[in-house]
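Geometric and topological summary
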Amino acid sequence: MQKLQLYISDERIDLFKDEQVSFNQSIQNIKDPAKIFTEFTQTFTVPASKTNNKIFKHYYNFNITGGFDARNKVDAKIELNNVAFKQGYIRLDGVDLKLNKAYAYRITFFGETVNIKDILGDDKLGALSDLDQYNLNYDATNVKAKLQNTSDAILCPLITSGASGTTSRLYYDSQTHGTDNGNLYWHTGGGTNSNGVYWKDLKYAIRLYEIIEAITVNYPSLVFTDDFFSTSNAEFYNLHMWLHRKKGLVQPADQVTTFPTLVDTFPLSTINFKTTNVTGSGIIINQGYLPTILQQLTIQTSSTEPYDVIINRNGTVWASFTQQTGNNTYDPADMGFMDAAIFTVIIRVSANITFSKIEWDFAGFADGSGWNDTYDTGSFGATATLQFIITEQIPDMKILDFLTGLFKMFNLTAYYVSDAQDTDFGKIKVQKLDDFYTAGTSYDISEYVDTNTGQVNVALPYREIEFAYEGTGTLLALQYEQLQGKRWGAEQFTGNATIGNNFDAPNPVYKVTLPFEHLQYERLVDQNTTLSAPNNETTIQWGYFVDDNLEAFFGKPLIFYPIRQTGSGTTPISFQDDLSGTHTKLEDYYIPSNSLSLSSSTSTKNINFYLEINEYSLETDFTGTLFEENYLTYIQDIFNSKRRLTKLKAYLPLKIIYKLNMNDRVVINNQSYNINNMTTNLITGESSMELLNNNYIGNVSGNFRVLTDVYHNTSTPVYYNYYYSSQIGAAQNLSVGDVIYTDTALTTTLAADTYYQVGSSETTTRCTDSSYLMSMTVNSSGVITNILCGQP
């Protein structure tokens, strides 16, 4: 029997003597492979003792002012036998009464990862005020620069919004030109001969990495490791999001034709600093001094030109005042009372106006005395040039949905690093599922298993898995669906075609859907009839963001890879600075792509789930699809006919309970298993386990595959991972003559001896249908010289 200690905000909770506390753990569940699970306890009770009543502030008495707020989880930790076990949060679920008196509090403990949802809530990408450091004017000069720039968080891809009619549909014709339309062919004529892409048809894009960085700035308690969110991880770092909040042309957030300017400096004039904090252009209201804060916004100008004042709360309009002139003052009667949020001020003008003062005053009473804070911009100029405010132009998407989409896209796992000896301690570790499992270790629990009961069940809970994007509503994507009978970029996986409709799964179809738009792009060819392939090929690829009626389209948030076309072989394009005849020759520009590279010899990675014909190369050699790179191993293993879901009970000792992670493997009678789900009684040590017999886990990177749970022929087996070249294919294709390595770089070959994989359920082509890979012998060069098959 273990002794459990529970702490809430460092105060120890009294526990019932015989209360059983069961802790559930799962990081990836075969029944729901796209969902990231978190650790939690089943709801349990603690007595309404004097200590606990103090901690929960007599929650049963709703007349208490400033009582315990059960809407929010509170910091907590669990110790077993006075040794730290888990950090997390406690949620108060309710109070049990006996004879009309408080008897027990019902609580649930959650692991730290669940707090991501609590921290972000329903906040949207527009709340990431740190992104406003990238604000810039939206004009022909800047659009042209961002269409060409070499390295920046903001760029401009060749994607047209479909709002300018014929000028927004791009093509290339070196033979016929001379009208103001979307012909990208560059020539030296002027006036009515100025064709090309019109700058107002283009919009900026922002690197996803900057969005992740802004999340960590705006929510300091969320710190991610750089396993995946890294500048060196090109498949993520190169991804950008198109800044498309409204369909058609770029407009201010409310689509009014006047131009907004963000008030981007609010320096503190006084020294109290009790209530507020400044981040970029926003003022953060401190929760600790609510709800007694009073505020007043003062605006002064000698100009007689009208202006509008918009105050945003977390990126959405909180208060607005239109057609203002001269000096004005706004107080709570106009704006309402503030709460804990980020507030920004935007001035909208039709003509340039200089303000002598934009001042925000705060006052209140705290710590036994009155206080006041004053923020004064001093002289401030609002220009009639449209300022492209990132937080107003970024897609109207919840931050949590954005992160969830990325996690589904790349099959990522996330968990808090709780080991104080780990260099990532306290951070949220984000990595691909294959990498997560590869890092696990093995524990032999044979002696702790209760052999009196158990089940071996069918592991596959569905007949088919669909991988797709939610948004495929643009013109070319719709045309593709009509012709192919499937959505653009989507994959439908059944594992084994012989399953057919005779396979009776509890849920016939499981869907993994990304909350993003997925464009099919078009590489332009020269329509000059005197040319033929390949001389008519250009280096231009573009995106047309319209529906099948050729009208401007809203759609879902679009993410893509921008690829800069430059150099002697680049096809020049014509850029229209205006519609009166001014145009510019551009010999470098960004094209949008669904693949990381335009050449499969450089990289085959792409953001299709299905192996589609590449829009630029027109080849099917971009094999590094999202499914192939991130899901194939796990999903293919699920569909393996020899896969089983084993349920059993084990009484695990503390030395294992403390260390066991969800990517570890457990070994029972020489058979290795992955942990699908585990519920442990923290008092008795009894664990109810769902285990998946461990098959080959392969293709953990583009260069190697891994053979797991292979052990050396010794009296005490020690388990290893061994690696072999991806050219070999699946594990069942191992044969005499193949080379086995001990490192992922494929440089160190396995030493000569016999190695065993007893219990592997992976039938090999070198064995009969009823036998398994039992062992392999390698020589001093790591070359397999013998493979033995049989029954485990």
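Every value quoted in this text rests on a predicted model; they were computed, and no experiment measured them.

Attention now goes to the overall build of the chain. The helix and strand inventory of the chain stands at 13 helices and 50 strands. The buried share among the 792 residues of the chain stands at 56%. Of the contacts formed within the chain by residues at least 6 apart in sequence, a portion of 68% connects residues at least 24 apart. Summing over all exposed atoms, the chain offers an accessible surface of approximately 33,500 Å²; the carbon and sulfur share of this is 46%.

If you trace the four strands from one edge of the open sheet to the other, you get β21-β18-β24-β25, paired in antiparallel fashion. In the strand order of this sheet, the two ends are held by β21 (328-330) and β25 (369-376), each with one partner. Across the sheet, the mean angle from the axis of one strand to that of its neighbour is 15°, orientation sign disregarded. Alignment of strand β24 (residues 357-366) against β25, held across eight bridges, turns out to be antiparallel. Residue pairing for β25: Phe365 is matched across the bridge by Gly370.

With that settled, the discussion passes to helix α4 (residues 208-218). Taking burial as the measure, the eleven residues of α4 include eight buried ones, the bulk of the element. All of the buried residues in α4 are Leu208, Tyr209, Glu210, Ile211, Ile212, Ala214, Ile215 and Asn218. Close packing links the buried residues of α4 with β13 (205-207), α5 (234-237), β14 (240-242), β22 (342-349), α8 (399-410) and β37 (559-565).

Quick look at the sheet that holds strand β11 (residues 159-160) now. The strand order across the open sheet built from three strands is β11-β36-β35, with neighbouring strands paired in mixed fashion. The open sheet is flanked by β11 and β35 (522-525), the only strands paired with a single partner. Bridging between β35 and strand β36 (residues 537-544) involves three bridges; their strand directions are antiparallel. When the sheet's bridge partners are listed, Val525 is paired in β36 with Glu537.

Let us look at the environment of Asn536. As for its placement among the helices and strands, Asn536 is situated in the loop between β35 and β36. Separated by 363 residues in the primary sequence, Asn536 and Asp173 place their C-alpha atoms 9.5 Å from one another. Of the polar contacts made by the side chain of Asn536, one reaches the backbone nitrogen of Ala533; its length is 3.5 Å.

Let us look at the pattern of salt bridges. Counted by the stated rule, this structure contains 22 salt bridges. Arg348 is the salt-bridge partner of Asp308, the closest N and O atoms lying 2.8 Å from each other. Here Asp308, found in strand β19 (residues 307-313), pairs with Arg348, found in strand β22; they are 40 residues apart in sequence, far enough to count as distant. A salt bridge links Glu690 to Lys647, with the shortest nitrogen-to-oxygen separation between them at 3.8 Å. Here Glu690, found in strand β44 (residues 686-693), pairs with Lys647, found in strand β41 (residues 644-651); they are 43 residues apart in sequence, far enough to count as distant. Each of Asp227, Asp424 and Lys429 takes part in one network of salt bridges that share partners.

Evaluation of the coordinates by the stated rule reveals 32 aromatic pairs. Centroid distance Phe362 to Tyr375: 5.9 Å. Interplanar angle 85°. Geometry classified as edge-to-face. One end of the pair, Phe362, is in strand β24; the other, Tyr375, is in strand β25, and 13 residues separate them in sequence. Owing to a relative accessible area of 2%, Phe362 belongs among the buried residues under this scheme.

The next point concerns the nonpolar core. If you look at the biggest cluster of nonpolar residues, it comprises 143 residues, and the most contacted ones within it are Leu158, Ile211, Ile215, Phe402, Ile445 and Ile635. Here the element with the most residues in this core is α8; it accounts for eight residues. Not counting the four nearest positions on each side in its chain, Ile445 is found in contact with Leu652, Ile656, Val666, Val667, Ile668 and Met689. Membership of the second largest hydrophobic core comes to 30 residues, among which are Met338, Phe343, Trp371 and Phe380.

Trans is the prevailing form of peptide bonds, just as negative phi is the prevailing case for residues other than glycine. Residues Ala533 and Pro534 are joined by a peptide bond in cis, for which omega reads 0°. Relative to the helices and strands, Pro534 resides in the loop between β35 and β36. A positive phi angle, close to 65°, is found at Asn82, a residue other than glycine. With respect to the helices and strands, Asn82 occurs in the loop between β6 (74-80) and β7 (83-98).

This part takes up the side chain of Asp547. Mapped onto the secondary structure, Asp547 falls in the loop between β36 and β37. Here Asp547 sits buried without a salt bridge, and the closest side chain of opposite charge, Lys247, lies 6.7 Å off (N-O distance). A polar atom in the side chain of Asp547 sits 2.9 Å from the backbone nitrogen of Asn549. The contacts of Asp547, once residues within four sequence positions are left out, are Gly473, Leu475 and Phe553.

Right, let's get into the confidence of the model for the chain. With 83% of its residues at a pLDDT of 70 or more, the chain has an overall mean of 83. Low pLDDT (under 50) marks residues 497-501, which in the prediction has five contacts with non-local residues, meaning those over four places away or in another chain. Taken as a whole, residues 696-703 scores under 50 in pLDDT and shows 27 contacts with residues more than four places along the chain or in a different chain.

A few words on the packing of α4 against α8. Contact geometry of α4 with α8 gives a least axis separation of 12 Å together with a crossing angle of 130°. It follows that α4 is oblique to α8 by the angle criterion. Here the hand of the crossing between α4 and α8 comes out left-handed. On α8, the residues that touch Leu208, Ile211, Ile212 and Ile215 of α4 are Ile399, Phe402, Leu403 and Leu406. For the contact of α4 with α8, the residue count by class is eight nonpolar, no polar and no charged.

What follows covers the pairing of strand β43 (residues 671-681). For β43, a buried count of eleven out of eleven residues is recorded, marking the element as mostly surrounded by other parts of the structure. In the sheet, strand β42 (residues 665-668) pairs with β43 via four bridges, with the strands oriented antiparallel. Opposite Arg665, over in β43, you have Asn674 as the bridge partner. Adjacent in sequence and paired antiparallel, β42 and β43 are bridged by two residues, among which Asn669 carries a positive phi angle near 50°. Bridge count for β43 against β44 is seven bridges, and the pairing is antiparallel. Bridged to Thr679 within β44 is Ser688. Adjacent in sequence and paired antiparallel, β43 and β44 are bridged by four residues, among which Gly685 carries a positive phi angle near 85°.

Cut-offs applied
- Residues numbered from 1 in each chain as written.
- Predicted model: local features only at pLDDT ≥ 70, side-chain atom pairs only at ≥ 80, totals over all residues.
- Heavy atoms only, no water.
- Helix = DSSP H or I, 4+ residues; strand = E, 2+ residues; numbered from the N terminus.
- Buried < 20%, exposed > 50% of the residue type's maximum accessible area, 1.4 Å probe, protein only.
- Contact = heavy atoms within 4.5 Å.
- Areas by Shrake-Rupley, 256 points an atom, 1.4 Å probe, with all protein chains shown as cover.
- Pairing = 2+ DSSP bridges.
- Axes fitted to C-alpha atoms, helices over the stretch in contact; angles between N-to-C directions.
- Polar contact = N/O pair within 3.5 Å; in protein donor to acceptor, adjacent residues only side chain to side chain.
- Salt bridge = Lys/Arg side-chain N within 4 Å of Asp/Glu carboxyl O.
- Phe/Tyr/Trp six-rings, centres within 6.5 Å; stacked < 30°, edge-to-face > 60°.
- Core = buried A, V, L, I, M, F, W, Y, C linked by side-chain atoms within 4.5 Å.
- Lys, Arg positive; Asp, Glu negative; His and termini not counted.
- pLDDT = per-residue confidence, 0-100.
- Parallel < 35°, antiparallel > 145°, perpendicular 65-115°, else oblique.
- Left-handed = near helix turned anticlockwise from the far one by under 90°.
- Nonpolar A, V, L, I, M, F, W, Y, C, P; charged D, E, K, R; others polar.

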